[in-house]
Amino acid sequence: MEKNTLFDKIWDSHVVRSVPNGPDVFFIDKHFIHEVTSPVAFLNLEKRGIGVLHPDRTVGTPDHNVPTVDQDKTIKDKLSRMQVEKLRENCKKYGIELYDLGSDHHGIVHVIGPELGITQPGMTIVCGDSHTSTHGAFGAIAFGIGTSEVEMVLATQCIMQTKAKKMRITVDGELGAGVTSKDIILYIIAKISAAGATGYFVEYAGSAIRSLSMEARMTICNMSIEMGARGGLIAPDETTFAYLKGKQYAPKGEAWDKAVAYWKTLKTDEGAVFDKEYTFDGTDIEPMITYGTNPGMGIKIKGNIPTTEGMEGSNKISYLKSLEYMGFAPGEPIKGKKVDYVFVGSCTNGRIEDIRSVAAFVKGKHKADNITAWIVPGSREVEKMAHEEGLVKILEDAGFELRQPGCSACLAMNDDKIPSGKYAVSTSNRNFEGRQGPGARTLLASPLTVAAVAVTGVIADPREVF
Amino acid sequence: MAYDKFNILTSTVVPLPAENVDTDQIIPARFLKATEREGFGDNLFRDWRYDVEGNPKKDFVLNDPTYSGKILLSGKNFGSGSSREHAVWAIYDYGFRAVVSSFFADIFKNNCLNIGVLPVTISPEFAEVLFKAVEADPKTEVEIDIDKQKITLLSTGESESFDINSYKKENMKNGFDDIDYLLNIKDEIAAFAENR
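Looking at an unreviewed UniProt entry, chain B carries the name 3-isopropylmalate dehydratase small subunit, with the source organism given as Aquiflexum gelatinilyticum. Under the UniProt heading Sequence similarities (unreviewed entry), the entry covering chain B gives this text: "Belongs to the LeuD family. LeuD type 1 subfamily." UniProt, in the comment section headed Pathway (unreviewed entry), describes chain B in these words: "Amino-acid biosynthesis; L-leucine biosynthesis; L-leucine from 3-methyl-2-oxobutanoate: step 2/4."

The name given to chain A in an unreviewed UniProt entry is 3-isopropylmalate dehydratase large subunit, and the organism recorded there is Aquiflexum gelatinilyticum. Quoted straight from UniProt, the Catalytic activity (unreviewed entry) entry for chain A says "(2R,3S)-3-isopropylmalate = (2S)-2-isopropylmalate". If you open the UniProt record of chain A and go to Sequence similarities (unreviewed entry), you find "Belongs to the aconitase/IPM isomerase family. LeuC type 1 subfamily."

Below you can see the structure in the form of structure tokens.
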């Protein structure tokens, strides 16, 4: 019998037809849309005089440019307001479900999909956002697409895609104290580089991955794109089923049993071949932080910024340019450097578990005077739970400012910008130049590390602080 | 939507030797607020091109009158990061019709092919040849022939072939997009959807 990977099984079952010497016509089960990458797609549908083929397979929410204060009021920024209004208009016109600002399930698209149980194993899921890879944590093929493809999905529920190559990354062994799934993924990206998985779809496997909660698995799959991968996925298991059971859109009763029986078949066959494999030892992984301007530039917090030894040509020029932007020198330690802002949030680490872990560590402490601390829940549901569990009180007592759900300072489309030249230690996913505001300097780390930085005011290893 | 047909492009080259040029550099997120597709070229490479007051930075290549053309030559891993198609719209709107690099990010490459910008992947060695030639003579021309899948430095005749699948090649040559194809097989898609 043919040995297939999990990726093959889901992919092959969604191919409508293969174009000779071309891409596959690939069927999409679920499509998420937001206000920034959808308006031109709808506009083009209108120009072509065609409608939305399966409105029930698309779900919308405004997240990228929404303000994180006064969400009950009219959005002040005119362009942002127009985009959000366009989304409302389009969803209404075509009968697409919208989780609007103020609704109980508003939030970042990659947080609410799983939360509502829309995201399920075996599905194909796309969205005009590269962090769609998050949904792969459920054993789905999920990836980001461009606006032309958003238009294709709306019009035909299909896109034209060439099947990616297959990579497996296995992480075995037990994780040390203070080491989170964010550290795992930053470690992997540092090892294989920001372009190391370009052309591949990644399956994460191994005992260290299996031991993670769904929230933690989502953090890993979320950042697959940061090493160039189209997406990443993890085979569903009891942890996945337990998370989904009872969720609003999860199957119920008999349909649930049937679904679980199918989901249990969603795994890579023993002996299936990958185009590339990496194996890492979980016990080698320590709290990580980035020091440069792409997510592959990560080191152990207790390590030193690499020297230029062995670098030459444009590689060395790009490296030095990156350090100059960050205000760091090759070879120096990163620990102890002064920080101005901390940001807890985003589709990478804006879920309840992340907020719980920060709250548990800062309880009874206070942020350092030089730190501005923002905490932005990934969704209304997360915000509600944080209130009910008393986490908001703990965080506010510690000097954190709680804002309303949205993408916020991860990409700074709204007013949540880090000022030029300032340092932010952030739980988000990208440390590109200007990502958190023009001139802003971003260091990516786990929520635990962010908590340690908030309290000490400098870059710190969480294991040494708490 | 339909775009200009791409057959043979002969042009001078704008060199950008940086590596890992991400889509946040190509078009920063704060310029993604439009609800239409036009005008993004003004903010192409915004923060490399202009200072905070909006004055052009003299040392950036797009502000250097020495260089112009419809071909952007860049360092490896071009277009990484966000899936924003706005990055390609900005490149197209500015006037580029091809981007040449030794390595492209996946989503960016797809987005290019969907709106009629040709991504041309060449070897790191040939990229080096092109960078040097453009540096030595900014008026030097490069020819990209999509039918022959060949890129040539006209001054020396040095050339290299590049990959593109025949489906996308036909699309680029005719200015077709994928929706045209998909709409033509809508019954087949409907039958497939029926069984899901």
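That covers the picture; the talk isn't over yet.
What follows covers the overall build of chain A. Broken down by element type, chain A carries 17 helices and 19 strands. Along the first, second and third principal axes, the C-alpha set of chain A runs to 55 × 55 × 50 Å. Put simply, chain A has 466 residues, and 59% of those count as buried. Here the contacts in chain A between residues at least 6 apart in sequence split such that 76% fall between residues at least 24 apart.

All right, on to helix H11 (residues 313-326) of chain A then. Since the α-helix packs 3.6 residues into each turn, any two residues three or four apart lie on the same face. Residues and elements named next belong to chain A. For H11, with 14 residues, the first-to-last C-alpha span of 20 Å sits near the 20 Å given by 1.5 Å per residue. Taken together, the buried positions of H11 are Ser-318, Tyr-319, Ser-322, Leu-323 and Met-326. Down the axis, H11 shows its buried residues gathered within 135° of arc, on one side only. Away from its buried face by more than 90 degrees, H11 exposes Gly-313 and Glu-324. If you follow the buried residues of H11, they end up packed against strand S19 (441-444).

This brings us to helix H6 (residues 181-192) of chain A. Residue and element names in this part refer to chain A. For H6, spanning twelve residues, the distance from its first C-alpha to its last is 17 Å, which sits close to the expected 16 Å at 1.5 Å a residue. Most of H6 is tucked away: ten of the twelve residues are buried. Among all positions in H6, only Ser-181, Lys-182, Asp-183, Ile-184, Ile-185, Leu-186, Tyr-187, Ile-188, Ile-189 and Ile-192 are buried. In the segment just after H6, Ser-193 is the residue with positive phi, at about 85°.

Turning our eyes to something else, we now look at the sheet that holds strand S10 (residues 200-205) of chain A. Residue and element names in this part refer to chain A. One open sheet accounts for four strands, arranged S11-S10-S9-S12; its pairing is parallel. Strands at the two margins of the open sheet, each flanked by one partner only, are strand S11 (231-233) and strand S12 (276-281). The average undirected angle you get between the axes of adjacent strands in this sheet is 20°.

All names here are of chain A. Relative orientation of the contacting elements helix H13 (residues 352-362) and helix H16 (residues 447-456) amounts to 35°, with a least axis distance of 9 Å. For the pair H13 and H16, the crossing hand works out as right-handed. Residues Asp-354, Ser-357, Val-358, Phe-361 and Val-362 of H13 form the contact with H16, whose participating residues are Pro-447, Leu-448, Val-450, Ala-451, Ala-454 and Val-455. Residues of the contact of H13 with H16, tallied by class, amount to nine nonpolar, one polar and one charged.

The next subject is the interface of chain B and chain A. Taken together, the contact between chain B and chain A spans 50 residues of the former and 58 residues of the latter. When contributions to the side of chain B that touches chain A are tallied by element, the ones reaching two or more residues are helix H1 (23-26), helix H4 (106-115), helix H6 (166-174), helix H7 (178-184) and helix H8 (186-194) of chain B. It is H4 of chain B that contributes the most residues to the side of chain B that touches chain A, six residues altogether. Residue composition of the side of chain B that touches chain A, by class: 20 nonpolar, 14 polar and 16 charged.

Before going further, it helps to spend a moment on the UniProt feature "binding site: [4Fe-4S] cluster" (unreviewed entry) in chain A. All names here are of chain A. The sites that UniProt annotates as "binding site: [4Fe-4S] cluster" (unreviewed entry) are Cys-347, Cys-407 and Cys-410. A maximum C-alpha distance of 8.9 Å places the annotated residues, which cover 64 residues in sequence, within one compact spot. With respect to the helices and strands, Cys-407 occurs in the loop between strand S17 (401-402) and strand S18 (423-426). Here Cys-407 falls in the buried class, since 32 other C-beta atoms lie within 10 Å of it. Those residues within four positions of Cys-407 in sequence are excluded, and the remaining contacts are Asp-63, His-64, Ile-108, Ser-346 and Met-413. Not counting the four nearest positions on each side in its chain, Cys-410 is found in contact with Gly-345, Ser-346, Ser-428 and Asn-429.

Here, UniProt's "domain: Aconitase A/isopropylmalate dehydratase small subunit swivel" (unreviewed entry) annotation points to residues 5-124 of chain B. For residues 5-124 of chain B, helix accounts for 23% and strand for 17%, while the C-alpha atoms at its two ends are 28 Å apart.

Another point: the domain arrangement of chain A. Residue and element names in this part refer to chain A. Each domain of chain A was delimited in the assignment, giving domain 1 (1-285) and domain 2 (288-465). Measuring from the centre of the C-alpha atoms in domain 1 to the corresponding centre in domain 2 gives 24 Å. Contacts between domain 1 and domain 2 engage 40 residues on the former and 38 residues on the latter. Breaking the side of domain 1 that touches domain 2 down by element, the ones donating at least two residues are helix H4 (109-115), H6 and helix H8 (214-222). The element best represented in the side of domain 1 that touches domain 2 is H6, accounting for six residues.

This prediction gives chain B a mean pLDDT of 95; 99% of its residues lie at or above 70. Predicted as a complex, the structure gets a pTM of 0.97 and an ipTM equal to 0.96.

Turning to unusual backbone geometry, a few remarks are in order. A positive phi angle, near 55°, is found at Ala-412 of chain A, a position not held by glycine. One can find Ala-412 of chain A in the loop between S17 and S18. The phi torsion at Asn-20 of chain B lies on the positive side, around 55°, for a residue other than glycine. The topology assignment puts Asn-20 of chain B in the loop between strand S2 (13-16) and H1. The class of Asn-20 of chain B is buried, set by 28 C-beta atoms lying within 10 Å.

Residue and element names in this part refer to chain A. Note: strand S9 (residues 165-172) against S10, six bridges, orientation parallel. Along S10, the bridge assignment pairs Arg-168 with Glu-203. In terms of handedness, the path from S9 via H6 over to S10 forms a crossover that is right-handed. With six bridges connecting them, S9 and S12 associate as parallel partners. For Met-167, the partnering residue across the bridge sits in S12 and is Lys-276.

This part takes up the nonpolar core. Counting 194 residues, the largest nonpolar core has Ile-289, Val-342, Val-358, Val-362, Ile-375 and Leu-395 of chain A together with Ile-91 of chain B as its most contacted members. Counting residues domain by domain, this core receives three or more from each of domain 1 (1-285) and domain 2 (288-465) of chain A. With residues up to four places along the chain from it excluded, the contact list for Val-342 of chain A reads Ile-371, Ala-373, Ala-424, Val-425, Val-450, Val-453 and Ala-454 of chain A.

Let us now look at the sheet that holds strand S4 (residues 58-60) of chain A. Picture the strands of a sheet paired through backbone hydrogen bonds; they go either parallel or antiparallel. All names here are of chain A. Overall, parallel pairing links the five strands, which are arranged S5-S4-S3-S6-S7 in an open sheet. In this open sheet, the two strands that pair with only one neighbour each are strand S5 (97-98) and strand S7 (141-144). Inspection of the sheet shows strand S3 (residues 30-33) paired to strand S6 (residues 124-127) by three bridges, in the parallel sense. Paired with Lys-30 across the bridge in S6 is Ile-125.

What counts and what doesn't
- Residues numbered from 1 in each chain as written.
- Chains lettered and ligands numbered in written order.
- Predicted model: local features only at pLDDT ≥ 70, side-chain atom pairs only at ≥ 80, totals over all residues.
- UniProt positions renumbered as here; feature names shortened; annotations may be inferred.
- Helix = DSSP H or I, 4+ residues; strand = E, 2+ residues; numbered from the N terminus.
- Buried ≥ 20, exposed ≤ 12 C-beta atoms within 10 Å, placed from the backbone.
- Contact = placed C-beta atoms within 7 Å.
- Expected span 1.5 Å × (residues − 1).
- Arc of directions from axis to C-beta.
- Pairing = 2+ DSSP bridges.
- Axes fitted to C-alpha atoms, helices over the stretch in contact; angles between N-to-C directions.
- Left-handed = near helix turned anticlockwise from the far one by under 90°.
- Nonpolar A, V, L, I, M, F, W, Y, C, P; charged D, E, K, R; others polar.
- Domains from an automatic or database assignment.
- pLDDT = per-residue confidence, 0-100.
- Right-handed = clockwise from strand over helix to strand, strands pointing away.
- Core = buried A, V, L, I, M, F, W, Y, C linked by C-beta atoms within 7 Å.

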